[in-house]
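Coordinate inspection notes
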Amino acid sequence: MSFQATMTMAGKSSSICANCRNADAFATVRNRPLCQPCFLRYADNKCSSGMKQYRMLGDAAKTRKQHKHLLPLSFGASSSVLLHMINGQVEHQLAGPLRFTNYDVHVLVVDPSTISPSRPPCQKQFDLVRQHYPRHKYTMIPLHSIFEYDPNISETLRQIAGSGFGDDESKPYRERLEAFRASIPTTTSKDDIDNILLFRLIVAFARHHACETILWGDSDTRLAAKTLANVAKGRGASLTWQVRDGPTPWGLEFIFPLRELYRTELEQYAKLVPTVESIVIPDPPASEALSNRDLSIDELLNNYVLTQGVKYPGIMANVVRTVNKLQPAGFTSDQARCVLCTSPIEPDNHGADGAEAFDFDVRNAPTQFCYGCRRSAAGLSQAADT
Ligand SMILES: [Zn+2]
Ligand SMILES: [Zn+2]
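Nothing here was measured: the structure is a model prediction, and the numbers come from that model. (Residues numbered from 1 in each chain as written. Chains lettered and ligands numbered in written order. Predicted model: local features only at pLDDT ≥ 70, side-chain atom pairs only at ≥ 80, totals over all residues. Heavy atoms only, no water.)

Quick look at the overall build of the protein
Put simply, the test is: Strands here are runs of E lasting at least two residues and helices are runs of H or I lasting at least four, both read from the DSSP assignment and numbered beginning at the N terminus. Burial classes follow relative accessibility: with a 1.4 Å probe on protein chains only, a residue under 20% of its type's maximum area counts as buried, one over 50% as exposed, and anything between as partly exposed. Contacts: residue pairs with any heavy atoms within 4.5 Å of one another. Note on areas: Shrake-Rupley, 1.4 Å probe, and residue coverage restricted to the protein chains presented here.
In terms of helices and strands, the protein carries 18 helices and nine strands. The proportion of buried residues among the 386 residues of the protein is 52%. Sequence-distant contacts in the protein: of pairs separated by 6 or more residues, those separated by 24 or more amount to 68%. Summed over all atoms, the accessible surface of the protein reaches about 18300 Å², with 52% contributed by carbon and sulfur.

Written out as structure tokens, the structure is:
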């Protein structure tokens, strides 16, 4: 898996590292043979340039002003590598002449076993990561704590689930979330809504703790898959916020410091660094055993990009670069928001267009959904699947 077109093992007739010319290459990375230290440095530099505007100390050392970053950690290879790299940048600043870091990093783990019961508990990894990188703040919360952090969520659930679902506020959060999820008909809708709930929880948590930015661990590969999936699900309008560096409608900035690194490169990095390797929870076995029918659009496109992306990495990188250059639609604080994904709604994008053909509750609701959420909320994808 890890040594594919983008990254191949150096042959036995070992070539010399093209960077330092001083050691045997261990792999060919984007057509250049590199030794292990040079590969790690190459990857670190990509992340470092992704953080460029936030790591410049400038006057910050005098004013002792720190920038509050939230780093969501899933214990996948990408976000684990991101934490390691960000920690490296903090250590580097502290070792410098100013002995000061302008990063104030809060690591958030949304317990993966509360997102999907098929994922193992991660308490061991959570303890380990705090030992390995003790300079940062850490919090682990379950997905259903969204009821605590996002005051609008119960209203949202009522709106989207329609008449078949009654949110019983006397029940514990966990049961309320389970009841809601059970009311969603299709795999794609379930997955899509789970992703939105996770996103809303992370954003609400960041706001609650007055973070100024969220550092997302998405690789180039993941951003390409997200781009394609969002277009396929009719979420093109909110796409730019989810893949592009910069300000967002949620009052925080999003940064994707790993946007220039391929997933295979991050997996390789994770294997080479023992502290990272010890915290990564391997992905569940690929969904190959399942038929495509059982996969959500997200899973399908993830698989697609993983298999095609290694054959044509340049194309995937282009997708991501192009999207990063898109100018986001302007937004104002009083603009109508989608009740589910909370993206601003384009004035011409919340009418009943396309909805007439389908009989579902949200059409008559006074609240507004973006096009993508109308599809998910109504289980339109179920109609499309059959
Ligand atoms: Zn080298
Ligand atoms: Zn929406």
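Regarding the coordination of the zinc ion (ligand 1)
As a reminder of what qualifies: Note that water is not among the atoms used; donors are N, O and S atoms within 2.8 Å of the metal (3.2 Å for Na, K and Ca), so sites may look incomplete. Note on geometry labels: four donors, all angles 85 to 135 degrees, give tetrahedral; four donors become square planar and six octahedral when opposite donors are over 155 degrees apart and every other angle is between 65 and 115; remaining cases are irregular.
At this site the zinc ion (ligand 1) is bound by Cys17 (SG), Cys20 (SG), Cys35 (SG) and Cys38 (SG), with donor distances of 2.3 Å. Each of the four donor atoms around the zinc ion (ligand 1) contributes to a set of angles spanning 102 to 116°, which defines the coordination as tetrahedral. Site description for the zinc ion (ligand 1): donor spacing in sequence, C-x2-C-x14-C-x2-C. With Cys20 in the loop between strand E1 (7–9) and strand E2 (27–29) and Cys38 in helix H1 (residues 36–50), the pair connects residues that are 18 residues apart, well separated along the chain.

Here's the deal with the sheet that holds strand E5 (residues 103–110)
We apply this condition: Each pair of strands is called paired provided DSSP finds at least two bridges between the two strands. All axes here are fitted lines through C-alpha atoms, helices being fitted over the stretch that makes contact, and every angle between N-to-C directions spans 0 to 180 degrees.
Across the sheet, which stays open at both edges, the six strands sit in the order E6-E5-E4-E7-E9-E8 with mixed pairing between neighbours. Either end of the sheet is taken by a strand with one partner, and the two such strands are strand E6 (137–141) and strand E8 (246–247). The sheet contact formed by strand E7 (residues 213–215) and strand E9 (residues 253–255) spans three bridges and is parallel. The residue of E9 that forms the bridge with Thr213 is Glu253. Its contacts with the sheet place helix H10 (residues 187–208) against strand E4 (67–72), E5, E6, E7 and E9, and it is angled at close to 145° to E5.

As for the packing of helix H4 (residues 77–95) against helix H13 (residues 263–272)
Here is the rule: Note on angle classes: values under 35 degrees are labelled roughly parallel, values over 145 roughly antiparallel, values of 65 to 115 roughly perpendicular, and the remainder oblique. Here a crossing is taken to be left-handed if its near helix is turned anticlockwise relative to the far helix by less than a right angle, and right-handed if that turn runs clockwise. The nonpolar class holds Ala, Val, Leu, Ile, Met, Phe, Trp, Tyr, Cys and Pro. Asp, Glu, Lys and Arg form the charged class, and all remaining residues, Gly among them, are polar.
For the pair H4 and H13, interaxial distance at closest approach is 9 Å and the crossing angle is 60°. Of the possible angle classes, the one that applies to H4 and H13 is oblique. Along this stretch, H4 crosses H13, giving a crossing that reads as left-handed. Judged by residue contacts, Ala77, Ser78, Val81, His84 and Met85 of H4 engage Leu266, Glu267, Tyr269 and Ala270 from H13. A breakdown of the residues in the contact of H4 with H13 according to their chemical character gives six nonpolar, two polar and one charged.

So, unusual backbone geometry
Positive phi values are uncommon outside glycine, yet Arg64 reaches one of about 55°. Position of Arg64 relative to the elements: it lies in the loop between helix H3 (60–63) and E4. Unusually for a residue other than glycine, Phe75 sits at a positive phi of about 65°. By relative accessible area, Phe75 is classed as buried at 0%.

Regarding the packing of aromatic side chains
What counts is decided by this rule: Only centres within 6.5 Å qualify two rings of Phe, Tyr or Trp (six-membered ring in Trp) as a pair; their planes then separate them into stacked at under 30 degrees, edge-to-face at over 60, and tilted for everything else. By definition, being over a ring means that NZ of Lys or CZ of Arg is both within 6 Å of the ring centre and within 35 degrees of the ring normal.
Applying the stated rule across the entire model yields 10 aromatic pairs. A connected cluster of aromatic rings, assembled from ring pairs, spans Phe199, Trp216, Trp250 and Phe254. Here Arg30 stacks its cationic end above the ring of Tyr262, 3.7 Å away from the centre of that ring.

Shape is all these values report; function is a separate question.
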